[in-house]
Amino acid sequence: MESSKYNSNNVNNHCQVSKEKKYVEVALKLPTNNGIFTYELLDNIPEPFGFRVMVPFKNKLMLGVIINKLPNDYQPNFKIREIHKVIDKFASITKEQKELIEFSSQYYCNPLGISYHKAIIKNLTASKLKNKTFSIQEQQYLLSLAQQELVDKIWQNPKKAFLLQGVTGSGKTLVYLEIAKRVLATNHSVLFLVPEIALTKGLINRVESYLGLKACVIHSNISSAKIRDEYLSLINKEQRILIGVRSAIFAPVPNLGLIVVDEEHDQSFKQEESPRYNAKDLALWRAKNENALVILSSATPSLESIYNVSKNKLLHLKLDKRHNKDNVLPDIEIVDLKLEKKDISLATDQQKMCIISHKLLENITEALSKNEQVLLFLNQRGYAKFGVCNFCGFAVTCINCSVTLTYYEKRQLLCCHYCDYSQKVSLICRNCQNEEIVFLGLGTERVQKHVQKLFPQFCIERLDRDVVTTDKQLNSILSSMHNKKINILIGTQMVAKGHDFSNLSLVGVICADTGLYMADFRAAEKTLQTLIQVAGRCGRADTKGKVIIQTFNPKNKILDYIKNHDVDGFIEYEIYQRQLSNFPPFSKSCILRCEHHNKEIALHIMEQIKPLIKNYLSNIEFLGPNACSIEKINHRFRYQCFLMTNSVNLMNKILHKLNKNEFLQDLINKHKAKFIIDRDPYNL
């Protein structure tokens, strides 16, 4: 870290060091004491809030940020250490960020220090921006009458929050880009949130070409130096457009005028590790707090957003037709895999498993004969889902987690997707010692191998987290797809949303059943959203679209809604089902979870929860404690309770009581257990 003019050791510092002792609160990235610790500030900084500092903690130096100056008459009754060094020449946290961070910390029960570090910029003053171009050639786009009507409604409506629902390919992006152009014309800034890194490249191009301005970009594949430069350009008001994934909600965006949450239904906006938060919900809060517009956009809106429409918290806007030549959605056909598997000619290897049905094979052949592209979707990585012994039935499981290992044929590895453990493939069962291990289930690697055998003369590529680990790899595959160099693309949910491939005429869903039977009240909603989104990738330009969905349960009611593109019908049905059970969005929910290397200790700690909140039990639904669906991850046993209540205030009281309960906290600390509060959980 470079020295600052505020450094007390800097002889050139023109500021005078005060003789009176000044004390400040510093946020550290620690869970203990809410992450807030008191230090003495020697430098004479009148308003020190937001300055990053290096402070001694135990026997090391830690990065922190000053969040409060204590009163001049503050008299500590314990020894206070001095701040080692002030890093910054100006505050790196804005007032608006402070308000958002503190709300997020309070609502989601995250340690305040850890929450502040979500917004801290590393190496803020380590370099200067050089020769950066901030404007580019603006392209002209013609809005349809329907799009223009929605733009006018948003711009003229006193309500600030909108749900923009439109079928895939209806031109929702042009609607919010036109609003962004108007917002920028008033000298305000715009924040675009996307759920996946894979979506940023396409959106960046559209945003910059439509608005004629360079955009800042923030996501996990960008270096800290690049993020630093992007933040500096925002803080200095040199740029006014930011595109990022969920963490960008905490970014410094001065004079914010608009937040767009693209694919607002997507579960990626919910952070599952500490600090836990939902970027979509924080976008609504931040927009209201900073008097900005907010647009949630999706072809398959979340039930929470639909519920907020009914509560008049969002204004619902719709685009019902595609913005293409014939305004038509792709035809969707359902194929029964139970019938297909009886045909031995369709079987693959010794399992006699049907991967590509007759109907899908015919349609792939036809599309390729017309030089059109094909997308095959399966939300499961690897070659096979698990290995099992044909002799004793023993499943090949992870040594650290209570899950089966995924088989990768090309690398000859068995891998855990939870703890990253891997081992070499062996056909010898470690339970009975017989050489009887077979690998069952499907993954994208297996689908690719099978399709290559069927169509050896064509270019077949895969897009999933195993083949794409860098921005360069991702952009290479997407560019090849856009340039029509790839004939068949096989992928997981990374290919399901946001992409606009003009020559894609056919989508094949290898197995629609993988998500339908999860032990999750959102299983139907998640499945419909995923399949509608992936179906929407084809037929977006002049090419007619066709979708083949393979399933073992063609009579499932959800598939009828998907086949008919009836998102509104599904929403009406699912809202009714949720209301009957009082599941979210009709109630607020929370998961309380304990993780420990000892199973009995994890369960014992969770058994203390119910007695501590006995006075509230008549007004809440309390389930548990039970083992999590995956009982052990990375050597830690996991037990949880599930809470639901119709009262936000009551949930606040319960969580505050548990967070501050000395008996519970002492028990957790004594056993060095991990205790998690997951408010508004997305995954059960």
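Residues numbered from 1 in each chain as written. Predicted model: local features only at pLDDT ≥ 70, side-chain atom pairs only at ≥ 80, totals over all residues. Heavy atoms only, no water.

*Asks:* Is there a simple way to think about the environment of L474 in this case?
*Replies:* Following the sequence through the fold, L474 ends up in helix α12 (residues 471–482). If sequence neighbours within four positions are ignored, L474 has contacts with I197, A198, L463, V468 and M494. (Helix = DSSP H or I, 4+ residues; strand = E, 2+ residues; numbered from the N terminus. Contact = heavy atoms within 4.5 Å.)

*Asks:* I would appreciate a short explanation of the side chain of Q165 in the present structure.
*Replies:* When you line up the elements, Q165 lands in strand β6 (residues 161–166). A relative accessible area of 6% places Q165 in the buried class. Not counting chain neighbours up to four residues away, the residues in contact with Q165 comprise K172, S298, A299, P301, H316, L317, K318, L319, V567 and D568. (Buried < 20%, exposed > 50% of the residue type's maximum accessible area, 1.4 Å probe, protein only.)

*Asks:* Could you clarify how one ought to interpret the sheet that holds strand β2 (residues 36–41) in this entry?
*Replies:* Think of a sheet as strands paired side by side through backbone hydrogen bonds, with each pair either parallel or antiparallel. Reading across the sheet, the five strands line up as β2-β1-β4-β3-β5 and stay open at both edges, with antiparallel pairing between neighbours. Single-partner strands in this sheet number two, and they are β2 and β5 (85–86). (Pairing = 2+ DSSP bridges.)

*Asks:* How should I be thinking about the packing of helix α16 (residues 599–607) against helix α19 (residues 662–671) in this particular structure?
*Replies:* Each pair of packed helices can be summarised by the angle the axes make with each other and by the distance between the axes. For the pair α16 and α19, the least separation of the axes is 10 Å and the interaxial angle reads 170°. Judged by the inter-axis angle, α16 sits roughly antiparallel to α19. Taking contact as the criterion, the partners of I601, H604 and I605 in α16 are, on α19, L664, L667, I668 and H671. Looking at side-chain class alone, the contact of α16 with α19 contains five nonpolar, two polar and no charged residues. (Axes fitted to C-alpha atoms, helices over the stretch in contact; angles between N-to-C directions. Parallel < 35°, antiparallel > 145°, perpendicular 65-115°, else oblique. Nonpolar A, V, L, I, M, F, W, Y, C, P; charged D, E, K, R; others polar.)

*Asks:* For this particular structure, what's the right way to read the nonpolar core?
*Replies:* Soluble globular proteins: nonpolar side chains tend toward being buried together. In terms of nonpolar packing, the biggest core is built from 121 residues, with F192, L193, I249 and I259 touching the most fellow members. Apart from the residues within four sequence positions on either side, F192 is in contact with Y176, L177, A180, L203, V207, I241, L242, I243, G244 and V260. (Core = buried A, V, L, I, M, F, W, Y, C linked by side-chain atoms within 4.5 Å.)

*Asks:* So what exactly am I meant to see when it comes to the packing of aromatic side chains here?
*Replies:* Describing an aromatic ring pair means giving the distance of the ring centres and the angle of the ring planes. Enumeration according to the criterion identifies 15 aromatic pairs in this entry. Taking 4.8 Å as the distance between ring centres and 85° as the angle between the ring planes, the aromatic pair formed by Y107 and Y108 counts as edge-to-face. Comparing Y107 with Y108 shows no difference in burial state: the two are buried. Here Y383 and Y407 contribute two aromatic rings whose centre-to-centre distance is 5.5 Å and whose plane-to-plane angle is 80°, an arrangement assigned as edge-to-face. Of the two residues, Y383 sits in the loop between β18 (373–377) and β19 (386–389) while Y407 sits in strand β20 (residues 406–408), which places them 24 residues apart along the sequence. For the pair formed by Y383 and Y407, the shared burial category is buried. Residue placement shows K557 over the ring face of Y573; its charged tip is 5.3 Å from the ring centre. Seen from the ring of Y107, R679 lies directly overhead, with NZ or CZ sitting 3.8 Å from the centre. (Phe/Tyr/Trp six-rings, centres within 6.5 Å; stacked < 30°, edge-to-face > 60°. Lys NZ or Arg CZ within 6 Å of the ring centre and 35° of its normal.)

*Asks:* Mind showing me how you'd approach the confidence of the model for the chain here?
*Replies:* Any residue range with low pLDDT should be treated as having predicted coordinates unsuitable for detailed reading. Considering every residue of the chain, the mean pLDDT works out to 90; 93% of them sit at 70 or more. pLDDT under 50 marks residues 1–18. Its contacts with residues more than four places away, or in other chains, come to 34 contacts. Note that residues 126–131 has pLDDT below 50 and, in this model, eight contacts with residues that lie over four places away or in other chains. (pLDDT = per-residue confidence, 0-100.)

*Asks:* Could you clarify how one ought to interpret the pattern of salt bridges in this entry?
*Replies:* Two side chains carrying opposite charge are able to pair once their charged atoms lie near each other. A complete count under the given rule lists 29 salt bridges for this structure. Measuring nitrogen to oxygen at the nearest pair gives 2.8 Å for the salt bridge that ties R52 to D88. Note that R52 is positioned in strand β3 (residues 52–57) and D88 in the loop between β5 and α1 (95–108), a separation of 36 residues in sequence. D88 carries the same exposure label as R52, and that label is buried. E366 is the partner of K370 in a salt bridge, and the nearest nitrogen-oxygen pair spans 3.2 Å. By relative accessible area, K370 is classed as partly exposed at 48%. The class of E366 is partly exposed, set by a relative accessible area of 40%. Here the residues in one salt-bridge network are D152, E178 and R182, joined through shared partners. (Salt bridge = Lys/Arg side-chain N within 4 Å of Asp/Glu carboxyl O.)

*Asks:* Whenever I open this one, unusual backbone geometry confuses me. Can you help?
*Replies:* Negative phi characterises most residues that are not glycine, and trans characterises most peptide bonds. Along the chain, S274 connects to P275 via a cis peptide bond; the corresponding omega equals 0°. Among the structural elements, P275 can be located in the loop between β11 (270–271) and β12 (277–278). Its identity is not glycine, yet K484 carries a phi of approximately 65°, on the positive side. Examined against the element boundaries, K484 turns out to sit in the loop between α12 and β25 (488–491).

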